[in-house]
Amino acid sequence: MNYKIRCFDCGTVVDDPFLDSCPSCGGVLTIETDLDAVASLRPRDLRSRPLGVWRYAPFLPVDETRAVSLLEGGTPLYDCRDLASKAGVRSLYVKHEGANPTGSFKDRGMTVGVSRAVELGCKTVGCASTGNTSASLAAYAAKAGLGCVVLLPSGKVAAGKLAQAMFYGAKVVTIDGNFDDALRVVRQLSRDGTLYLLNSINPFRPEGQKTVAFEIIDQLNFEVPDRIILPVGNAGNIGAVHKALVEWKTLGWIDRMPKITGIQAAGAAPLVRAFREGREDFVPEPNPETVATAIRIGNPVSGRKALRALYDTGGIATDVTDEEILSAQRLLGRTEGVGVEPASAASIAGLLKLVNEGEIDRDEKVVCICTGNVLKDPDTVIRNCEPLLNAEATAESVRKVIGA
Ligand code: F0G
């Protein structure tokens, strides 16, 4: 694919592949896809390839033949009829991104990001993370034979994610501070050449993350849903979903845009506040806090891209409390058998809230993106489920404790 790296804010074209922001205005960078180069393609041309990130290679800015891949994407899109009726909408699909190789949607961006790192000849890659990005990067760096350094907010990363980053052999550094502090430090390490930065501020990451929207449309046989709901933390993913839909709309592959709807945790919701005030910019939250540690972020790097996605598609942003998140997580698990981590359940919690408030029409066809697997954060699950039952090793004792 032909492309340019461009500033999202001022439009400056950037040549230096190692910059993490615009040299003119400091804005966030984006990839400008050359849609003329894919204009002769038709959706059916892609269908001979397996469902997954690399089905959409003509829309990705790296050489497919040298891709570092763990066969990411191709995740299930569940038609959740029982949950739809509980939520009070006509139809509800859940895109289970927890079914990716390392258990989160980050693998979509990481296959493209790490392929880019290899293309540039980098030896060490790194990121700041609330957990999933680090787990994913560690795995792809292992596959590519690269060194890997991850910076995590001390004491605030779920056990499954921490275990993964350690397991795949990354240098795991915990930082006395939150995600925003870790990102500030890792950007310095990237600027002085210590590592190649693979947070979503690197515009190659969102390119891979675009493919979740391509897949949803593909799996729905190009019947565009009315709305796509997703959790928002650092705001890389929501901008990527928007970019994907704009590309296919421009090509005429879809005839309208779903309303993109972003959900933040109430204790970490700077973009929701900005949205409610109709602003293009946001005021960071200095002390983000939520049980959904994946989205415990106060200063989302791609916040402006997120606001653009909401305004351009007539979408909406709202926040949900920790209680709403945990109860939506259980509801999804116990109604549909789909296990997701707390941050991912924010999309379901947001759906329930917005239907109740009359913001989402009961006649809508909705897709909720659930970003990470329930196994990522076993401690939160165990804390919030009914306690274990204990019995003597006899059938009678078991019957008694289960109330049979
Ligand atoms: N859901 C999960 C499970 C996440 O891990 C994240 C972000 C998000 C949603 C929000 O996505 O940042 O693109 O808006 N996790 C990052 C990390 C920050 O380090 O793993 P976003």
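Located above this text is the structure these notes cover.
A few points on the structure. (Residues numbered from 1 in each chain as written. Predicted model: local features only at pLDDT ≥ 70, side-chain atom pairs only at ≥ 80, totals over all residues. Heavy atoms only, no water.)

Structural notes on the packing of aromatic side chains
- In this structure the tally under the stated criterion is twelve aromatic pairs.
- For the pair Tyr3 and Phe204, a centre-to-centre distance of 5.6 Å together with 90 degrees between the ring planes defines the contact as edge-to-face. Of this pair, Tyr3 sits in strand 1 (residues 3-7) while Phe204 is found in helix 7 (residues 204-209), placing the two residues 201 residues apart along the sequence.
- Among the residues examined, Tyr3 registers a relative accessible area of 29% and is labelled partly exposed.
- Taking the centre distance of 5.2 Å and the plane angle of 55 degrees together, the rings of Phe59 and Phe214 count as tilted. Here Phe214 lies in helix 8 (residues 211-219) and Phe59 lies in the loop between helix 1 (43-46) and strand 3 (77-79), a separation of 155 residues in the sequence.
- A relative accessible area of 1% places Phe214 in the buried class. (Phe/Tyr/Trp six-rings, centres within 6.5 Å; stacked < 30°, edge-to-face > 60°. Helix = DSSP H or I, 4+ residues; strand = E, 2+ residues; numbered from the N terminus. Buried < 20%, exposed > 50% of the residue type's maximum accessible area, 1.4 Å probe, protein only.)

Observations concerning the site of the ligand
- Taken together, 21 residues lie around the ligand, and Ser129, Gly233, Asn234, Ala235 and Thr371 are the ones closest in.
- Here an oxygen atom of the ligand sits 2.8 Å away from a polar atom, N or O, in the main chain of Thr130.
- At 2.8 Å from an oxygen atom of the ligand is found a main-chain nitrogen or oxygen belonging to Thr133.
- Contact with the protein chains removes 99% of the 470 Å² of surface that the ligand exposes when unbound.
- Looking at the shell around the ligand, the elements with two or more residues in it are helix 4 (132-144), helix 9 (236-250) and helix 13 (342-356). (Near = heavy atom within 4 Å. Polar contact = N/O pair within 3.5 Å; in protein donor to acceptor, adjacent residues only side chain to side chain. Areas by Shrake-Rupley, 256 points an atom, 1.4 Å probe, with all protein chains shown as cover.)

Points about the layout of surface pockets
- Roughly 400 Å³ of internal volume is contained in the largest pocket.
- Contributing to the lining of the largest pocket are 23 residues, with Phe8, Thr30, Ile31, Lys243 and Val246 lying nearest its centre.
- Mapped by element, the contributors of at least two residues to the lining of the largest pocket are strand 1, strand 2 (29-33), helix 7, helix 9 and helix 11 (303-313).
- Among the elements that line the lining of the largest pocket, the one with the most residues is helix 9, at eight residues.
- Here the lining of the largest pocket is built from residues that sort into eight nonpolar, eight polar and seven charged. (1 Å grid on protein atoms, 1.4 Å probe; cavity = no way out; pocket = protein on both sides within 12 Å on 5 of 7 lines; lining within 4 Å. Points joined across faces, edges and corners; volume = space filled by probe spheres on them. Nonpolar A, V, L, I, M, F, W, Y, C, P; charged D, E, K, R; others polar.)

What to know about empty space enclosed by the protein
- Inspection of the entire model under this criterion finds three cavities of 30 Å³ or more.
- For the largest cavity, the calculated volume is near 300 Å³.
- Lining the largest cavity are 26 residues, and of these Phe105, Lys106, Gly233, Asn234 and Ala294 lie nearest its centre.
- For the lining of the largest cavity, the secondary structure elements donating two or more residues are helix 4, helix 7, helix 9 and helix 13.
- Residue composition of the lining of the largest cavity, by class: nine nonpolar, 14 polar and three charged.
- Put simply, the second largest cavity is a space of about 130 Å³.
- As for the second largest cavity, its lining consists of 15 residues, of which Pro17, Phe18, Leu19, Asp20 and Asn202 are closest to the centre.
- A per-class count over the lining of the second largest cavity returns ten nonpolar, two polar and three charged.

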